[in-house]
Amino acid sequence: MSPPPPPPPAEARLAMMELANMISVPMALTAVIRLGVPSAVWAAGANAPLSAAELLPEGHPDPSVLERLLRLLASRGVFSEHGGSPRRFALTEVGCTLVPGPSGASYADYVLQHHQDALVAAWPRLHEAVLDPTGPEPFARANAGVPAYAYYGKDREANEVMLRAMTGVSEPFMEALLDGYAGGFDGVATLVDVGGSSGACLEMIMRRVGTIKEGINFDLPDVVAAAPTIAGVRHVGGDMFKSIPSGDAIFMKELLRRAAERRQGHRLRAGGAGGDGHQHQDQGASGERHLRYDHLPDPGEGALRGGVPPARPRRGLHRLPRHLPGPLLCGSRVQEMISNFFD
């Protein structure tokens, strides 16, 4: 029997206690969002420090409960804490991401979507997926065998939260991307967004690029079933591993990274030639076919705060096993995935 390790120092014990209690941070964040605290503090731009009692209905019996949540989140940079009695709190730059913008979207729904009861219940089953990797995913184990996307297809409220979450995350990225990708959609009349969720990204692109006459929002059937009606956008349900609608260009954002685990046994193939796909398909020296893709600039932190990303995309060549019905436009986060995915 091996000897036990020496007694750990106090710093190690404290670090482990912090790890054991990390769930308190997202749960506190979820609580203040449900209570409407970020918007109340922001108050149309005032962002004046408020106490817990001022954020709660008059006569609340114990504002100290909310104050403790706010102090915890202040230690994580969501709020700034102002001393005195009572303590008051204002939003930091991080906290401001929870305040709805002009479209009503924010990162608040992203937080709520990640901490719905059905998703939270999956985490304690994670070890079961390690012991039985061929069995159901943790989400299905915790939800009567129903996989995540099937669950969203059946639960309208959960699906609406997910769609709002994707919109809230995508809008600032897309605004920065479109600022730096001027002219990148030249010659595109029909744009296909693969994994487009609610179609919000397509709507933003088409609002900025008047030459695009039709947008095709392509996602899983259960996802597009709840997508809102958008002028000029057609919602199409399907499986990207079986076929993709034809268009002059195909747009993907963070999609291949999420789908990487499905790579084995699956490859992209198109539902037929369309658009100007042929002119983007090149013949390699060995006779293999290639896909030329436009590498969209990575907005980065500076761009999201008003900086300007590179004005033009870079291009690259990667092997393509089957023909796609248009050139592929992809966000920089999936660039590193493309060569492996299409091999």
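Structure shown above.
Because the structure is predicted, anything quoted here is derived from the model rather than measured.

**Focus: the overall build of the chain**
Line of reasoning, step 1. From N to C terminus, the chain includes 17 helices and 11 strands.
Line of reasoning, step 2. A total of 343 residues make up the chain; the buried ones form 43% of that total.
Line of reasoning, step 3. Long-range pairs, those at least 24 residues apart, make up 63% of the contacts in the chain with a sequence separation of at least 6.
Line of reasoning, step 4. When the accessible surface of the chain is totalled, it reaches about 18200 Å², and 56% of it is carbon and sulfur.

**As for the side chain of Ser170**
Line of reasoning, step 1. Among the secondary structure elements, Ser170 is positioned in helix H12 (residues 156-180).
Line of reasoning, step 2. Using a relative accessible area of 8% as the deciding quantity, one classes Ser170 as buried.
Line of reasoning, step 3. When near neighbours in sequence (up to four residues on either side) are disregarded, Ser170 contacts Cys201 and Lys253.

**Structural notes on the packing of aromatic side chains**
Line of reasoning, step 1. Counted by the stated rule, this structure contains 3 aromatic pairs.
Line of reasoning, step 2. Pairing Phe139 with Tyr151 gives two aromatic rings, centres 5.3 Å apart and planes at 75°, and the pair type is edge-to-face. In this pair, Phe139 is assigned in helix H10 (residues 138-142) and Tyr151 in helix H11 (residues 148-154), connecting sequence segments 12 residues apart.
Line of reasoning, step 3. The structure contains a cluster of three or more aromatic residues connected by ring pairs, namely Phe139, Tyr151 and Tyr152.

**As for H12**
Line of reasoning, step 1. With 25 residues, H12 should cover 36 Å at 1.5 Å per step; its first-to-last C-alpha distance of 36 Å lies within 8% of that length.
Line of reasoning, step 2. Taking the largest bend as the criterion, H12 deviates by roughly 35°, centred on Ser170, and proline Pro172 comes between one and four positions later.
Line of reasoning, step 3. Between the side-chain oxygen of the N-cap and the backbone nitrogen of Glu157 there are 3.2 Å, and the N-cap of H12 in question is Asp155.

**Here's the deal with the pattern of salt bridges**
Line of reasoning, step 1. Under the criterion given, the structure shown has 13 salt bridges.
Line of reasoning, step 2. With its nearest N and O atoms 3.3 Å apart, the salt bridge here joins Glu54 to Arg88. Within this pair, whereas Glu54 is found in helix H4 (residues 52-55), its partner Arg88 is found in strand S3 (residues 88-91), the two being separated by 34 residues in sequence.
Line of reasoning, step 3. For Glu54, a relative accessible area of 43% corresponds to the partly exposed category.
Line of reasoning, step 4. For Arg88, a relative accessible area of 29% gives the class partly exposed.

**Things to note about unusual backbone geometry**
Line of reasoning, step 1. Here the bond from Ser85 into Pro86 is cis, since omega is 5°, no more than 30 degrees from zero.
Line of reasoning, step 2. Note on placement: Pro86 falls in the loop between strand S2 (79-82) and S3.
Line of reasoning, step 3. Here Asn47, not a glycine, exhibits a phi torsion of approximately 50°, which is positive.
Line of reasoning, step 4. For Ala144, which is not a glycine, the phi torsion comes out positive at approximately 55°.
Line of reasoning, step 5. Accessibility expressed as a relative area gives 77% for Ala144, which makes it exposed.

**Things to note about the pairing of strand S7 (residues 249-252)**
Line of reasoning, step 1. Residues Ala249 and Phe251 point to one face of S7 and Ile250 and Met252 to the other, with burial holding for every one of them.
Line of reasoning, step 2. Of the strand pairs in this sheet, strand S4 (residues 190-194) and S7 are connected by 4 bridges, and their pairing is parallel. For Val192, the partnering residue across the bridge sits in S7 and is Ile250.

Cut-offs used in this document
Residues numbered from 1 in each chain as written. Predicted model: local features only at pLDDT ≥ 70, side-chain atom pairs only at ≥ 80, totals over all residues. Heavy atoms only, no water. Helix = DSSP H or I, 4+ residues; strand = E, 2+ residues; numbered from the N terminus. Buried < 20%, exposed > 50% of the residue type's maximum accessible area, 1.4 Å probe, protein only. Contact = heavy atoms within 4.5 Å. Areas by Shrake-Rupley, 256 points an atom, 1.4 Å probe, with all protein chains shown as cover. Phe/Tyr/Trp six-rings, centres within 6.5 Å; stacked < 30°, edge-to-face > 60°. Expected span 1.5 Å × (residues − 1). Bend = angle between axes of the 7 residues up to and from the residue. Polar contact = N/O pair within 3.5 Å; in protein donor to acceptor, adjacent residues only side chain to side chain. Salt bridge = Lys/Arg side-chain N within 4 Å of Asp/Glu carboxyl O. Pairing = 2+ DSSP bridges.

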